[in-house]
Amino acid sequence: MRVLRCPVVELRQYTLRPGQRDALIGLFDREFVESQEAVGATVLGQFRDLDDPDRFVWLRGFEDMPRRAEALESFYGGPVWQAHRDEANATMADSDDVLLLRPASARGGFPAPVGARPAPGEPAPWPPSLVLATIWYGHVPFDTAFAEFFQQCVRPVLAETGGEPVAYLQSEHAPNTFPALPVRVDEEVFVWFARFTDEAHVDHHLNRLQRSERWREEILPALSERWAKAPQRLRLVPTERSILR
């Protein structure tokens, strides 16, 4: 049976002060990756938002909610964050846009990385890529039945049109075990991630999806009944040290 990787995931979207994204990414990739993983967190991916030059997006995973609390207490109370927090915080206008998520099924978690993360300053050993994150907002919870519908009906159409999901997650409503860092509550979301080689391949996937008869006539009407508002798409360019790419 597949072991579920990172049963608790944070999707963190930071609005930065103008022109500060590369400064934060340089600091983050140099100082905040291994130091977080040493205390029990998993840095799943770090990204530049292709459509917003002042947005930094990253994913952080944990084994469970109690260990999330332990890891965050250790990191934010530890020497690395204390030494660099003023420099990091100076780049940020807002860091409170955080969704707390869990894999929607035993098959929905993030896969193990294919290769080792490059050391700080080393070139990435893999070709450029782009990650598309799609966020669906529901007016009712995305329950087990919906997860099965996604796996059996939605995922095949996404794969056929070139957008095979690498992970799909839904809202985790467990109490926030580290209140010093707020999360968005009272929202029902379902988020899926797919990899592409570049913008053209993303556009090709979305165009094929719009033309898919099954998508238009079967899938989209069922999805639309659940949506509380329009879906959100994030086109994300992995940083040099992101292992999700």
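Residues numbered from 1 in each chain as written. Predicted model: local features only at pLDDT ≥ 70, side-chain atom pairs only at ≥ 80, totals over all residues. Heavy atoms only, no water.

> Go over helix H5 (residues 144-160), please, and point to the residues and values.
For H5, built from 17 residues, the straight-helix expectation of 24 Å at 1.5 Å per residue is met to within 8% by its first-to-last C-alpha distance of 24 Å. Among the residues making up H5, those that are buried are Phe146, Ala147, Phe150, Gln151, Val154, Arg155, Val157 and Leu158. Where H5 is buried, its residues touch strand S5 (130-138), strand S6 (165-171), strand S7 (188-196), helix H6 (199-211) and helix H7 (213-226). Following H5 by one or two positions, Gly162 adopts a phi angle in the positive range, close to 90°. (Helix = DSSP H or I, 4+ residues; strand = E, 2+ residues; numbered from the N terminus. Expected span 1.5 Å × (residues − 1). Buried < 20%, exposed > 50% of the residue type's maximum accessible area, 1.4 Å probe, protein only. Contact = heavy atoms within 4.5 Å.)

> So what about the packing of aromatic side chains? Which residues, and what values?
One pair of aromatic rings is described through two measures. These are the centre distance and the angle between the planes. Within this structure, the stated rule accounts for 24 aromatic pairs. Plain terms: the ring middles of Phe28 and Phe56 are 5.4 Å apart, the flat faces sit at 65° to each other, and that makes the pair edge-to-face. Taken as a pair, Phe28 in helix H1 (residues 21-31) and Phe56 in strand S3 (residues 55-62) lie far apart in primary sequence, 28 residues in all. Judged by its relative accessible area of 1%, Phe56 falls in the buried class. On the numbers, 6.3 Å between centres and 65° between planes, the contact of Trp136 with Trp192 is edge-to-face. Of this pair, Trp136 sits in strand S5 while Trp192 sits in strand S7, and the two are 56 residues apart along the sequence. Overall, Trp136 belongs to the buried group, its relative accessible area being 2%. (Phe/Tyr/Trp six-rings, centres within 6.5 Å; stacked < 30°, edge-to-face > 60°.)

> Before we move on, could you go through the pairing of S3 and cite the residues and values that matter?
A large share of S3 lies buried, amounting to eight of its eight residues. Residue alternation in S3 divides its side chains into two sets, Arg55, Val57, Leu59 and Gly61 and Phe56, Trp58, Arg60 and Phe62, and both sets are buried. Where strand S2 (residues 42-49) lies against S3, six bridges are found, and the strand directions are antiparallel. Looking across to S3, one finds that Val43 is bridged to Arg60. The turn linking S2 back onto S3 is made up of five residues. (Pairing = 2+ DSSP bridges.)

> For unusual backbone geometry, give the residues involved together with the corresponding values.
For Cys6, which is not glycine, the phi torsion reads 55° and is therefore positive. Residue Cys6 is classed as buried on the basis of its relative accessible area of 2%. Look at Asp186: it is not a glycine, yet its phi comes out positive at around 60°. Overall, Asp186 belongs to the exposed group, its relative accessible area being 76%.

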